[in-house]
Amino acid sequence: MNKTKNLLQSGLMALFLFPSFCLRAQTISDHFFGVNAWMPDTIGDVNACIDPPCIRYGKIHLNWQKVKDSKASIIRYGGIGPDKNMPTNYQYIRMIDSIRANGMEPVIQVPFYNYRYTAQQAAAIVQYVNITRGRNVKYWIVANEPNFSYSYTTAAQIAAYFRPFASAMKGVDPGILIIGPEIAGFKVAITNGLTTPGGPDDITGRDANGNYYLDIYSFHTYPMGDGSQSTRQLLISDLTSPGDFQDDLAYLSGRLSACDTYHNRTGTAKLKMAVTETNVNHTNPANDDLYGVGANSFIGGQFVAEIYGIGMKQGVDFINLWSAIEGGNSIPDNCGYIDPNTGNKKPLYYHFWLMAEHFKGASVNCTLNQPNMKAFASKDGQEISVMIMNQELILNHNYTVRLNMNSVSGNNPLKINVNAGVAAEFSDAIAAQSTVLLTFNLAGIITKKCEYSLYAHAVSNLPPSCTQYITTGVSENETEASMMVYPNPSPGHFTIELAARPEASLTIEVHNMLGQAIYSRDATFDDGSETVSLDERTPAGIYLLYVRSSDAVLTQKILVTK
């Protein structure tokens, strides 16, 4: 698609951008991973529907468990539907209670739709939800995509309604946080006007009652638009290209920091960023599937994971995927992470889950030395998590991850540094068109590995394969059991050595990358080692070696050469 940016944006961004290696570790908020609650069954009064349809036949109410299982933490109820047709009080409360019942935080949008609704009506919604019904919703959005829905092209047009709405809503409940302006795409000119400290359209200051109008600056982004011009290579390069998503966030962060300084916003009052709608595209290519480039594709799932990874590094407060489950049956409309027809979880879903389940604490930077590879990482007080994505069509990689920034040892062609401050390395292999999630303890010992690939998982509608590594408490200081496999690569004959002799017999298995077992036998490891001899007809390639007990497993990639 045509990604030309205007010269003004490029020039202004240069004032705020820093090389990625200079970024500080950014705390990952406890509500960073979000989803849009689209579609509900009904939006608005069906007996007096202002802008039909009000009956949407959505299926979100049937899929809350799957949304919960994805580890989403914040759910937005918004978009064009609730902007055109104000939801009923019952619909607001039902949505809020459904979100909360599943352990997630609601974000509620009040309608505006080009002055169809008033600031007084917005305040009445806050009054009913938070005061009358005591739901105490913290996050509130004003309007939806003003530059698209109402053709507002200037900051003045947006500030004219946003400030009265925000003031009226905080007049009812000063403790709420107001989110906006919900621009469709990142627009520099609009953003500059709304965030010029003390300017005529500044929405970052206080109203006459001392309440801040804006607390979280938000925008929507669908980098591939309608998907008609997207390509695989564009998906791989787009988000970090000059003037695109990564630069947009860095630029916005600089603008908001200047507003904080001017308005003396400190501590919890500091302005934050949110991306309240995002996906690879808002409309899929007509033939989109697992092998395509839209929201149904494997690389589309990797693309959205990269959006979240970049957002973590830039300190975004939360990002809401569009969406949970679409109501339409056509391929172009099917942009949710759950398929509405089959109920299947897409690669979009599983990439979301891999990140939301494992990324905690603070984002830490990664560097790689190979193209078409991506890596993101986090570290908290207990573990380090690293996601590696191979976006090559056919090229597998042997890799080594080092958990600090010192030189990576060995001859593996893919070398990854993770700035986690731990002098430890881990080596393995990653297949083409696959994603690996590694978890280490703070000593740098591998504790968990999840693998998710196009051919071994997605084509068979399988979830990621996750391995918990065996731990054995052999002394007061618990040690991690490990194994060595050599020679690796090999024509098909391997020796396995265990660091500690097991107390019970184990099973040795070898699987191909489709998950099919090609070798299996019991083993005792009496002398600490066992041998594996694969059939001579076993094709060259990457295989998974498992050593299993009744309640745990060790695993390692092996490479068969011919």
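Notes on the structure in this doc start here. (Residues numbered from 1 in each chain as written. Predicted model: local features only at pLDDT ≥ 70, side-chain atom pairs only at ≥ 80, totals over all residues. Heavy atoms only, no water.)

## Here we look at the overall build of the chain
Point 1. For the chain, the count of helices and strands is 12 helices and 28 strands.
Point 2. For the chain, the C-alpha radius of gyration of 25 Å lies close to 24 Å, the compact-globule estimate for 562 residues.
Point 3. Along the three orthogonal principal directions, the C-alpha set of the chain runs to about 80 × 50 × 50 Å.
Point 4. Buried positions account for 57% of the 562 residues belonging to the chain.
Point 5. Sequence separation of 24 or more characterises 66% of the internal contacts of the chain that already satisfy a separation of 6 or more.
Point 6. Summing over all exposed atoms, the chain offers an accessible surface of approximately 22,500 Å²; the carbon and sulfur share of this is 51%.
Point 7. Measuring between centres, the 41 positive side-chain charges of the chain sit 4 Å from its 49 negative side-chain charges. (Helix = DSSP H or I, 4+ residues; strand = E, 2+ residues; numbered from the N terminus. Rg over C-alpha atoms; globule rule 2.2 N^0.38 Å. Buried < 20%, exposed > 50% of the residue type's maximum accessible area, 1.4 Å probe, protein only. Contact = heavy atoms within 4.5 Å. Areas by Shrake-Rupley, 256 points an atom, 1.4 Å probe, with all protein chains shown as cover. Lys, Arg positive; Asp, Glu negative; His and termini not counted. Charge placed at Lys NZ, Arg CZ, Asp CG, Glu CD.)

## Some thoughts on helix α5 (residues 119-132)
Point 1. Its 14 residues place the ends of α5 18 Å apart at the C-alpha level, agreeing with the 20 Å of an ideal helix rising 1.5 Å per residue.
Point 2. If you follow the buried residues of α5, they end up packed against α4 (89-101), β4 (105-110), β5 (139-142) and α7 (155-172).
Point 3. Residue Gly 134 follows α5 closely and has a positive phi angle near 65 degrees. (Expected span 1.5 Å × (residues − 1).)

## Comments concerning the side chain of Arg 232
Point 1. You can see Arg 232 is positioned in helix α9 (residues 232-237).
Point 2. The side chain of Arg 232 is buried and forms no salt bridge, while Glu 392, the nearest opposite charge, is found at 7.2 Å.
Point 3. Polar contacts involving the side chain of Arg 232 include one to the main-chain carbonyl oxygen of Gln 391, which spans 2.9 Å.
Point 4. Dropping the residues within four chain positions of it, Arg 232 is found in contact with Val 293, Ile 299, Gln 391, Glu 392, Leu 393 and Gln 433. (Salt bridge = Lys/Arg side-chain N within 4 Å of Asp/Glu carboxyl O. Polar contact = N/O pair within 3.5 Å; in protein donor to acceptor, adjacent residues only side chain to side chain.)

## Some points on a nonpolar patch on the surface
Point 1. Taken together, the side chains of Tyr 291, Tyr 455, Val 459 and Leu 514 make up a nonpolar region of the molecular surface, amounting to roughly 400 Å² of accessible area.
Point 2. One can find Tyr 455 in the loop between β18 (446-453) and β19 (465-468).
Point 3. Exposure remark for Tyr 455: the relative accessible area of 41% places this residue in the partly exposed category. (Patch = residues over 30% accessible without salt bridge, like charges linked within 9 Å, V, L, I, M, F, W, Y side chains within 5 Å.)

## A closer look at the state of the cysteines
Point 1. Using the criterion set out here, one finds two disulfides in the structure.
Point 2. Sulfur-sulfur distance for the disulfide between Cys 49 and Cys 54 comes to 2.1 Å. For the disulfide bridge between Cys 49 and Cys 54, the dihedral angle about the S-S bond is near 90 degrees, and by the sign convention the bridge is right-handed.
Point 3. Taking relative accessible area as the criterion, Cys 49 reaches 23% and is therefore assigned partly exposed.
Point 4. The partner cysteine of Cys 450 in its disulfide is Cys 466, sulfur to sulfur 2.0 Å. When the S-S torsion is 110 degrees, as for the bridge of Cys 450 with Cys 466, the disulfide is right-handed. Of this pair, Cys 450 sits in strand β18 while Cys 466 sits in strand β19; the two residues are 16 residues apart in sequence, bridging distant segments of the chain.
Point 5. Judged by relative accessible area, which is 0%, Cys 450 ranks as buried.
Point 6. On the basis of relative accessible area, Cys 466 is assigned to the partly exposed category, the value being 36%.
Point 7. Described in terms of the sequence order of its bonded cysteines, the disulfide pattern of the chain is 1-2, 3-4. (Disulfide = S-S within 2.5 Å.)

## Some points on the sheet that holds strand β11 (residues 366-368)
Point 1. In space, the four strands of this open sheet follow the order β11-β15-β14-β16, with mixed pairing throughout. Two strands bound the open sheet, and with one partner strand each, they are β11 and β16 (425-430). Direction aside, the axes of adjacent strands within the sheet are offset by 20 degrees on average.
Point 2. Where β11 and strand β15 (residues 414-418) come together, three bridges link them in antiparallel fashion. By the bridge assignment, Thr 367 is partnered in β15 with Asn 417. (Pairing = 2+ DSSP bridges. Axes fitted to C-alpha atoms, helices over the stretch in contact; angles between N-to-C directions.)

## A look at the packing of helix α11 (residues 298-313) against helix α12 (residues 347-358)
Point 1. One can describe the packing of α11 onto α12 by two numbers: an axis separation of 7 Å at closest approach and a directional angle of 30 degrees. Between α11 and α12, the angle falls in the class roughly parallel. Remark: the crossing between α11 and α12 carries right-handed chirality. Together, Phe 298, Gly 300, Gly 301, Gln 302, Val 304, Ala 305, Tyr 308, Gly 309 and Met 312 of α11 and Pro 347, Leu 348, His 351, Phe 352 and Met 355 of α12 make up the contact between the two elements. (Parallel < 35°, antiparallel > 145°, perpendicular 65-115°, else oblique. Left-handed = near helix turned anticlockwise from the far one by under 90°.)

## Notes on the nonpolar core
Point 1. In terms of nonpolar packing, the biggest core is built from 108 residues, with Val 67, Trp 140, Phe 162 and Tyr 337 touching the most fellow members.
Point 2. A total of nine residues in this core trace back to one element, the largest contributor, which is α11.
Point 3. Sequence-distant contacts of Phe 162, that is, excluding residues within four places in its chain, are made with Val 142, Ile 178, Ile 179, Gly 180, Ile 203, Tyr 213 and Leu 214.
Point 4. Counting residues in each nonpolar core, the second largest holds 43 residues, with Leu 403, Met 483, Leu 545 and Leu 554 among its members. (Core = buried A, V, L, I, M, F, W, Y, C linked by side-chain atoms within 4.5 Å.)

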